[in-house]
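Structure at a glance
Residue strings, one per chain:
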Amino acid sequence: MHESYKIKIPAFEGPLELLVDLIEKRKLAINDISLARVTDDFIAYIKSLGSLPIAYTAHFIITAATLVLIKSKSLLPNFLLTQDEEGNIDELKRRLEMYALFREVGEKLKNIFAGAVLFKRPYPKIEPMFVPDKSLTVSRLALVLREAIKNIPVVEKTPETTIAKAITLEEMIDNLTKRITESMTLSFKQFSKEVGHKTKEERVFVIVGFLAILELVKQGIVLVRQESQFDDIHIERNNTIIPQK
Amino acid sequence: MILSLPQQIEALLFYKTDAMTESALAKLLGTDARHIEEALGELEESLKGRGIILIRAGGEVMLGTRKEMSLLIEKIGREELEGELSKASVETLSVILYRASVTKSEIDYIRGVNSGFMLRALQIRGLIEKKPNPNDGRGYIYTPTIELYQYLGISKKEELPDYQELILSLNALTEKKAESPDYPRGNESAIE
Amino acid sequence: MILSLPQQIEALLFYKTDAMTESALAKLLGTDARHIEEALGELEESLKGRGIILIRAGGEVMLGTRKEMSLLIEKIGREELEGELSKASVETLSVILYRASVTKSEIDYIRGVNSGFMLRALQIRGLIEKKPNPNDGRGYIYTPTIELYQYLGISKKEELPDYQELILSLNALTEKKAESPDYPRGNESAIE
C-alpha cells in the first residue's frame, strides 16, 4: 500500500523513470496489468512531492491520470474508455518501452565510458605569431560579451508553469468532500464539466479529481455507482461511515 | 610522385589533429563527397593492423590511437580524464547516440523530463553538439561529438553496444505508433 | 587483442608529437634496443604508400607527414593564421579580456559549449596565452597577450567598455555556478 514505497525527494527526475523503476523492481513486463499494480505507489510518490514546484510535479500528474484510467478499467469491468483515453494508454506504454530501451543501453554506456579511450593527437607546439583581425575592436568585444551573458541560463529562475495554480491531491479531496456533503449525489460528468474540459492543463484538474474520488472510495467516504456501461459514474456519500476528515 | 586520396587524407588529419568534416576535406583536396567517402573507406581498411584508427561520427573524421593502447597512453598522458557520468547523463547521451541527430523536444519526450540543463552541461563537457536543424530553419538538433566516441572507445556508431538490436526495437515501436493513427499527440507537448 | 610492437610504437609516436629516443621507447614498452630496432624497420616498411612517414635521426624517431603534402599543409597553416576570426573565437576572446585571467572551465560555463578548439586558434594567433594556474598546481589559466592590449589601445582591463557593469553580471552568473555543483538536478525537469 502507500507505505510500501518510500523514496527521498526528488529521487526521480520524471514520471517515466519512476514508472520503469517501479515495474522493474517487481520484475514485471510493461503492460496494463503491471501498470495497474504500480498505480498506488506512483500516486503515493506524487503525494510525497507536495511542496515541490508544480513545474516538476505536472509531468507526474499527467502520467498519473493515464495510470488511473488503466487502474479504473481493471477495477471496474464496465468502465468504458474513450478513443482519446485508449490512445493515451497506448502512448504511455510505448513511451515506457522506448525509455526502458535507452535506460538499459545507458547502463552499458556508463560501463564503457572512459574505459578505453581513443586518444587524439595532441597539438604540436607552434610558435605563435601575432595576427589580429581587422574587425577586432573593444566595442565589438563588449557587444559580443554582452550577448553571451544574455544567453547564460539563470539557474535560480522560477520556472514558467503550464498550470496556472498549484493544486494538490489533498486540496482536491477536500474540495470534493465538501461538494459531496452539499449535494448528496454528484455525477462525475457534471463534476468534470465544472472543473473545465477545454485545455490540457484543465484536464489535469479533472484527472486529479478522479484520483481523489478513488482515494475517497478507498477511505470509504464515498460510494461510486455506475448504473450501466454508458452511464455517468455517480458519487455518493457513504452514510454508514462517519467521515474522518 | 602524386599521393592517392587516402594518403592525402591521412596526412591532413595527422597534421590537423582535430576532427575535420568530410566536406572540408573535399574542399581542401579539390574533390567531391563521393570520392572522399570512397577514400575514407580505403583509409579505414588500410589502417587495420596499425597502431592508429580512423574515427567517424556524423560527417566528421579524425585519427586516434587504438583502444588497446589506452592504458599506456593514459600513463604517459597529461590529460585529465573526467570519468564518471550520472545516470541521467548516460540516458540523455544514449538517446543522442542511437538516434544520431535528434531535437530537444524528442529527447524530452523520450525521457519524460525537460532536458535543457542536462543538454547544456553535456555541451560544456564537449560530449554533444548543438547544430541547426536541416529540416527546420529555426530549430536545432543534437549530435554526438567525436570526443564522445573517443571516450566510449568506439570508432563508428555501429560499434555502439547493441546497436543493431536497439535500432530494430526502436523501429518496431515507431511502426506500432504508425498503426494507431488516432492517438492524440497531446502528451508530447506537455513537456514544452 | 595484443598489439604488435610496430603498432604500439606507431600509436606512441602519434600521441607524443615530439621526437622520442629509441631508448625511451624501449623502456616504455618494456623491451630492449634490438627489438625496438627491428620493430622500427617494420613500421617504416608498413608506412610505405601511406600519408605519414617515420623520421629517424640520431637515435630519435618521430612521425611526420610526407613531403608531397607540404604545399597543402602550408596553405592550411596560413588559413588558420590569416582567416577571419569566427564569432565563437571573438566571444571566447571577450571573456578572456574582461576576466583578464580565467580557467577553461569558466570560459566553457559562460559560453555553454566546450571552448578547446577556440582557445587553440586564439593561441596560434598570439592573441592569448596559456599559463600555469597559480591557484591550482595542475591547471591552466588563459590571459590576453601584451600585443593584444596594444592593438586594442588599452593598458588594463578596466579600460574596456562598460567594464564594471559587465563584470558584475558575469560575477552574478558564475557565482551561481559554484552553488550548483555539476548541473542543477532539481531544475532539470523545470518547464522552460
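Residues numbered from 1 in each chain as written. Chains lettered and ligands numbered in written order. Predicted model: local features only at pLDDT ≥ 70, side-chain atom pairs only at ≥ 80, totals over all residues. Heavy atoms only, no water.

Attention shifts here to the interface of chain B and chain A. Each partner contributes residues to the interface: chain B has 70 residues there, and chain A has 47 residues. At the junction of chain B with chain A, the criterion picks out five salt bridges. The biggest single contributor to the side of chain B that touches chain A is helix α5 (residues 87-99) of chain B, with nine residues. Here the side of chain B that touches chain A is built from residues that sort into 33 nonpolar, 16 polar and 21 charged. (Contact = heavy atoms within 4.5 Å. Salt bridge = Lys/Arg side-chain N within 4 Å of Asp/Glu carboxyl O. Helix = DSSP H or I, 4+ residues; strand = E, 2+ residues; numbered from the N terminus. Nonpolar A, V, L, I, M, F, W, Y, C, P; charged D, E, K, R; others polar.)

Before going further, it helps to examine the sheet that holds strand β1 (residues 20-21) of chain B. Strand pairing in a sheet relies on backbone hydrogen bonds, with the paired strands running either antiparallel or parallel. Residue and element names in this part refer to chain B. Reading across from one edge, β1-β3-β2 is the order of the three strands in this open sheet, with antiparallel pairing throughout. Only two strands of the sheet have a single partner each, and these edge strands are β1 and β2 (52-57). Bridge count for β1 against strand β3 (residues 60-65) is two bridges, and the pairing is antiparallel. Bridge assignment links Thr 21 to a residue of β3, and that residue is Glu 60. Where helix α1 (residues 5-16) meets the sheet, its contacts fall on β1, β2 and β3, and the angle it forms with β3 comes to roughly 75 degrees. (Pairing = 2+ DSSP bridges. Axes fitted to C-alpha atoms, helices over the stretch in contact; angles between N-to-C directions.)

This part is about the sheet that holds strand β2 (residues 52-57) of chain C. All names here are of chain C. Here three strands make up an open sheet; going across it, the order is β1-β3-β2 and the pairing antiparallel. Sheet topology places β1 (20-21) and β2 at the edges, where each strand pairs with a single neighbour. Where helix α3 (residues 33-46) meets the sheet, its contacts fall on β2 and β3 (60-65), and the angle it forms with β2 comes to roughly 145 degrees.

Residues and elements named next belong to chain B. Here Ile 107 lies in helix α6 (residues 104-111). Overall, the relative accessible area of 0% leaves Ile 107 in the buried class. Counting along the chain gives 16 residues from Ile 107 to Glu 91, while the straight-line C-alpha distance between them is 9.7 Å. Residue contacts for Ile 107: discarding those within four places in its chain leaves Thr 92, Val 95, Ile 96, Val 102, Ser 115, Leu 119 and Tyr 142. (Buried < 20%, exposed > 50% of the residue type's maximum accessible area, 1.4 Å probe, protein only.)

Let us now look at the packing of helix α5 (residues 87-99) of chain C against helix α7 (residues 116-124) of chain C. Axis angle and axis distance: for two packed helices, these are the angle between their axes and the distance between the axes, and together they describe the pair. All names here are of chain C. Put simply, α5 and α7 touch, their axes get as near as 9 Å, and they point 80 degrees apart. When the axis of α5 is compared with that of α7, the two are roughly perpendicular. The segment α5 lies against α7, with Ala 88, Ser 89, Thr 92, Leu 93 and Ile 96 engaging Met 118, Leu 119 and Leu 122. The class makeup of the residues in the contact of α5 with α7 is six nonpolar, two polar and no charged. (Parallel < 35°, antiparallel > 145°, perpendicular 65-115°, else oblique.)

At the junction of the two partners, chain C supplies 49 residues and chain A supplies 41 residues. Carbon and sulfur atoms make up 67% of the area that chain C and chain A hide from each other, which totals about 4400 Å². Salt-bridge contacts for Arg146(A) lead to Asp162(C); the nearest nitrogen and oxygen are separated by 2.7 Å. Linking chain C with chain A are nine residue pairs in polar contact (both at pLDDT 80 or more), by the criterion used here. Tallied by class, the residues present in the side of chain C that touches chain A amount to 26 nonpolar, ten polar and 13 charged. (Buried area = accessible area lost by both parts, 1.4 Å probe. Polar contact = N/O pair within 3.5 Å; in protein donor to acceptor, adjacent residues only side chain to side chain.)

So, about the confidence of the model for chain A. All names here are of chain A. Within chain A, residue pLDDT values average 72, and 55% of them lie at 70 or more. Overall, residues 1-9 carries pLDDT values under 50, and its contacts beyond four positions in sequence, including any with other chains, amount to 19 contacts. Low pLDDT, under 50, characterises residues 156-166; the predicted model gives this stretch 22 contacts beyond four residues in sequence or across chains. (pLDDT = per-residue confidence, 0-100.)

Our focus in this paragraph is the pairing of β3(C). Residues and elements named next belong to chain C. Pairing of β2 with β3, which is carried by six bridges, proceeds in the antiparallel orientation. Directly across from Ile 53, in β3, lies its bridge partner Gly 64. Where β2 hands over to β3, the hairpin turn is made up of two residues, of which Gly 58 adopts a positive phi near 50 degrees.

Residue and element names in this part refer to chain C. Counting through the fold element by element, Ser 115 comes out in the loop between α6 (104-111) and α7. Owing to a relative accessible area of 0%, Ser 115 belongs among the buried residues under this scheme. Sequence-distant contacts of Ser 115, defined by excluding residues within four places in its chain, comprise Lys 104, Ile 107 and Asp 108.

This part is about unusual backbone geometry. The backbone of Thr17(B) shows a phi angle near 60 degrees, a positive value even though the residue is not glycine. On the secondary structure map, Thr17(B) appears in the loop between α1 and β1. Despite not being glycine, Asp162(C) shows a phi value in the positive range, around 50 degrees.

Core analysis: the largest hydrophobic core is formed by 90 residues, its most contacted members being Ile9(B), Leu12(B), Tyr98(B) and Ile9(C). At seven residues, α5(B) tops the list of elements feeding residues into this core. In contact with Ile9(B), not counting residues within four places along its chain, are Leu25(B), Leu29(B), Ile36(B), Ala39(B), Leu40(B) and Leu43(B). Leu136(A), Ile152(A), Ile124(B) and Leu127(C) belong to the second-largest nonpolar core, a separate cluster that totals 35 residues. (Core = buried A, V, L, I, M, F, W, Y, C linked by side-chain atoms within 4.5 Å.)

As a further point, take the packing of helix α4 (residues 83-112) of chain A against α5(B). The interhelical angle for the contact between α4(A) and α5(B), taken along N-to-C directions, is 105 degrees, at an axis separation of 8 Å. Considered as vectors, α4(A) and α5(B) are oriented roughly perpendicular to each other. Contacts between α4(A) and α5(B) involve Met98(A), Tyr99(A), Phe102(A), Arg103(A), Val105(A), Gly106(A), Glu107(A), Leu109(A) and Lys110(A) on the former and, on the latter, Lys87(B), Val90(B), Glu91(B), Ser94(B), Val95(B), Leu97(B), Tyr98(B) and Arg99(B). Class assignment of the residues belonging to the contact of α4(A) with α5(B) gives a composition of nine nonpolar, two polar and six charged.

Residues and elements named next belong to chain C. Counting buried residues in strand β5 (residues 140-144) gives four out of five residues, a clear majority hidden from the surface. In this structure, strand β4 (residues 128-132) lies alongside β5, joined through five bridges in antiparallel fashion. Looking across to β5, one finds that Lys 130 is bridged to Tyr 142.

Residue and element names in this part refer to chain A. The full count for this structure, using the stated rule, is nine aromatic pairs over all chains. Here the aromatic rings of Phe 42 and Phe 60 are separated by 6.2 Å at their centres, their planes lie at 40 degrees, and the arrangement is tilted. Taken together, the residues Phe 42 in helix α2 (residues 32-48) and Phe 60 in helix α3 (residues 54-75) connect sequence positions 18 residues apart. Considered together, Phe 42 and Phe 60 belong to a single accessibility category, that of buried residues. (Phe/Tyr/Trp six-rings, centres within 6.5 Å; stacked < 30°, edge-to-face > 60°.)

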